[in-house]
Amino acid sequence: FQRPSTLIANSSLALRLLRCRSLCSRYTATRASKEPLLQSGPGLQHFLQDAALQKKMQQSDLSNHFGKSVFIETRGCQMNFADTEVVMSILTKAGYRIVSSGQEANIYLIMTCAIREGAENKIRKKLHWLSNLKQHRPHTVGVLGCMAERLKSKLFDESSVVRVICGPDAYRDLPRLLADADSGQRGANTQLSLEETYADVNPIRAQPESPAAFVSIMRGCDNHCAFCVVPQTRGRERSTPADAVADQVGRLVDGGVREVTLLGQNVNSYRDVSSAGVFAAGRTPGFSAVYAERIGGLQFPDLLDRLSAGYPACRFRFTSPHPKDFPASLLQLIGERPNLAKQLHLPAQSGSTAVLQRMRRGYSREAYLRLVDDARAAVPNLAITGDIICGFCGETEADHEDTLELLRLVRYSFVYHYAYSVRERTRAHRLMKDDVPEEVKMRRSAEVDRVFRDIASADNQLSVGQRQLVLIEGDSRRSADWWRGRNDQGIRVLLPKLPQSAQRIHQFDIRVGDFVAARVDSAGAQTLLAEPLAPVPDGPAGFASALAELDSSRPLPA
Ligand code: SF4
């Protein structure tokens, strides 16, 4: 016996099930072979429409996957590491168990990068290795992230071991794809979304013991630089609502996190359109974009202001920004707020205006150098890191010399540099010739490396004897007798657990997650060795007084 209302509810559920089946049939292509191939899956809107149904399906269809073990290998950028934590949360909620070794896992997922051919080839090697495993071979292998998005179901043709392909905006669909794989199907969902930010997913931290954490605040890229595949693999720009970002930061701080790095493909293009009010941060003077300036919504300087004021005992960094979105208000805020790290990543890509124009970067060498000057004027003791692509289409020796000269003028503390690798479906692939020989690209890349390291090493030498603020992150990877930390400029600092000198300077307990004042005793190109001097009290007063008393850690450029 059923009450009429229950019958109505059940018949409406049946109708929705039918609707769902017809919906799914649009995405499901059954092959004549024993291995049906799911070409793609439903997008976010279908999950929103059928949230109740989704819950029922999770409870019934997926219940037999409780306890299945999943290992996730993460390659590529920090966004991928943040996405791994989102995937861990989604799968844990669906009953899967995350394990820390591939050998223990029924399911082996690889979070991939597609930025260069070399990154993809490493994934191909890994898939080949997995397919040849004789022992501990996982039941299901899945490819997630940018390479999955770029190659889509072509990956099934490339590697027979792959059962699941899931793009960056489809992670909510992973439990369904894995359940299908378990029943012998192969499935792919590479649908990109205009809205997906995973704002309601509380990521599970991959390294819960670390006092430093990532928070992803925006996804996608609308810039379409000529060389870059990211707009194709990550889709359009969209931002997590500011309230959701603040909640996530609050949870992390409550859990003991002392440093948060805000993440996004263009993190400073953040714009929360769900927030009331009209704010216009404005572009960096002299910079342009392929799209008109966007007015309205809560923008990055406002978010950074809110977070750094709301969580004064936490240090904030952000990456990766686009140089076009550094209005004066943002630089001023970083200069004034003690808990905003004095480090900026300013990806130049080239020091030649002609190359920058071909890359469609939206700025000249001169405009970039003006931004560097403005940033250094607004933010005392600023460290700048950068990206350089060596051997882009048509790059001459003179262009390359311009880039080396740019390195000398900016005095980067670190440069991520790459030999240009042509990517399909980019403007450069369609319209330009990859005409710089591979050995020339490699030689130029080596020269960039040598020049920036010499400069970073010389600048770091100037910090010997200075007192700096360091967050203790854990044991040194080389020796458990040393702490590993990071200073305000993002440079790695190693500190002895026992006093090194006869004066026995540090007489206080140090724990992971402490901020300490430390004196730099020696310096290499990328690492400082320092003696801890004193603990730094929590909160804004602690930061402010510590920074006021500490010496500058980097010289201003001449
Ligand atoms: S800004 Fe340019 S380089 Fe950066 S992700 Fe977007 S397209 Fe790629």
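With an unreviewed UniProt entry as reference, the chain is termed MTTase N-terminal domain-containing protein, source organism Macrostomum lignano. Quoted verbatim from the Cofactor (unreviewed entry) field of the UniProt record, the comment on the chain reads "[4Fe-4S] cluster". Looking at the chain in UniProt, the text filed under Sequence similarities (unreviewed entry) is "Belongs to the methylthiotransferase family. MiaB subfamily."

A.B. asks: So what exactly am I meant to see when it comes to the sheet that holds strand E20 (residues 482-487) here?
C.D. replies: Consider a sheet: its strands pair through backbone hydrogen bonds, and that pairing is either parallel or antiparallel. In space, the five strands of this closed barrel follow the order E19-E20-E21-E23-E22, with mixed pairing throughout. If you compare each strand with its neighbour and ignore which way they point, the axes differ by 50° on average. Where strand E19 (residues 467-475) lies against strand E22 (residues 515-523), five bridges are found, and the strand directions are antiparallel. Bridge pairing in E22 links Leu-471 to Phe-515.

A.B. asks: Would you mind showing me how to read the packing of aromatic side chains here?
C.D. replies: Geometrically, a pair of aromatic rings is defined through the distance of the ring centres and the angle of the planes. Applying the stated rule across the entire model yields 10 aromatic pairs. Members of the aromatic cluster, joined through ring pairs, are Phe-227, Phe-392 and Tyr-420. Here the basic side chain of Arg-294 rests over the ring of Tyr-291, its NZ or CZ set 3.7 Å away from the ring centre. Directly above the ring of Trp-483 sits Lys-497, whose terminal nitrogen or CZ lies 4.4 Å from the centroid.

A.B. asks: Could you clarify how one ought to interpret the site of the ligand in this entry?
C.D. replies: Neighbouring the ligand are Cys-221, Asn-223, His-224, Cys-225, Phe-227, Cys-228, Val-230, Pro-231, Asn-266, His-322 and Arg-361. When the residues that make up the shell around the ligand are grouped by side-chain class, the tally is six nonpolar, four polar and one charged.

A.B. asks: Where do I start with the pattern of salt bridges in this structure?
C.D. replies: Where side chains of opposite charge bring their charged atoms close, a pairing between them can arise. Applying the stated rule across the entire model yields 42 salt bridges. For Glu-120, the salt bridge is made with Arg-423, and the minimal N-O distance between the two is 3.0 Å. Taken together, the residues span a long stretch of sequence, with Glu-120 in helix H5 (residues 117-131) and Arg-423 in the loop between strand E18 (414-419) and helix H16 (427-431) at a distance of 303 residues. A single burial state applies to Glu-120 and to Arg-423, both of which are buried. For the salt bridge of Arg-443 with Glu-397, the shortest nitrogen-to-oxygen distance reads 2.7 Å. Remark: Glu-397 occurs in helix H15 (residues 397-410) and Arg-443 occurs in helix H17 (residues 438-461); sequence separation between them is 46 residues. In this structure, a network of salt bridges that share partners links the residues Glu-117, Glu-120, Arg-124, Arg-150, Glu-158, Arg-423 and Glu-424.

About the thresholds
- Sequence order as written defines the numbering, with residues in each chain counted from 1.
- Under the rules for a predicted model, residues below a pLDDT of 70 receive no local features and side-chain atom pairs below 80 are neither given nor counted, while totals for whole chains, interfaces and linings still include all residues.
- No hydrogens and no water enter the side-chain calculation; it runs on all heavy atoms of the structure.
- UniProt positions are given in the numbering used here, feature names are shortened, and annotations may be inferred rather than shown by experiment.
- Pairing between strands is defined by DSSP: at least two bridges between them are needed.
- A run of H or I in DSSP becomes a helix once it reaches four residues, and a run of E becomes a strand once it reaches two; helices and strands are each numbered from the N terminus.
- In this analysis, axes come from line fits to C-alpha atoms, helices being fitted only over the stretch in contact, and the angle between any two N-to-C directions falls in the range 0 to 180 degrees.
- Geometry of aromatic contacts follows a simple scheme: Phe, Tyr and Trp rings, the Trp one being its six-membered ring, pair when their centres are within 6.5 Å, and the pair is stacked under 30 degrees between planes, edge-to-face over 60, tilted otherwise.
- We call a charge positioned above a ring when the Lys NZ or Arg CZ atom is no farther than 6 Å from the ring centre and deviates by at most 35 degrees from the ring normal.
- In this text, near means that some heavy atom of the residue lies within 4 Å of the molecule or strand in question.
- Ten residue types, Ala, Val, Leu, Ile, Met, Phe, Trp, Tyr, Cys and Pro, are classed as nonpolar, four, Asp, Glu, Lys and Arg, as charged, and the remainder, Gly among them, as polar.
- Basic side-chain nitrogens of Lys or Arg form a salt bridge, by our definition, when they fall within 4 Å of a carboxyl oxygen of Asp or Glu.
- Only protein chains enter the calculation, and the probe is 1.4 Å; a residue is then buried if its accessible area is under 20% of its type maximum, exposed if over 50%, and partly exposed in between.

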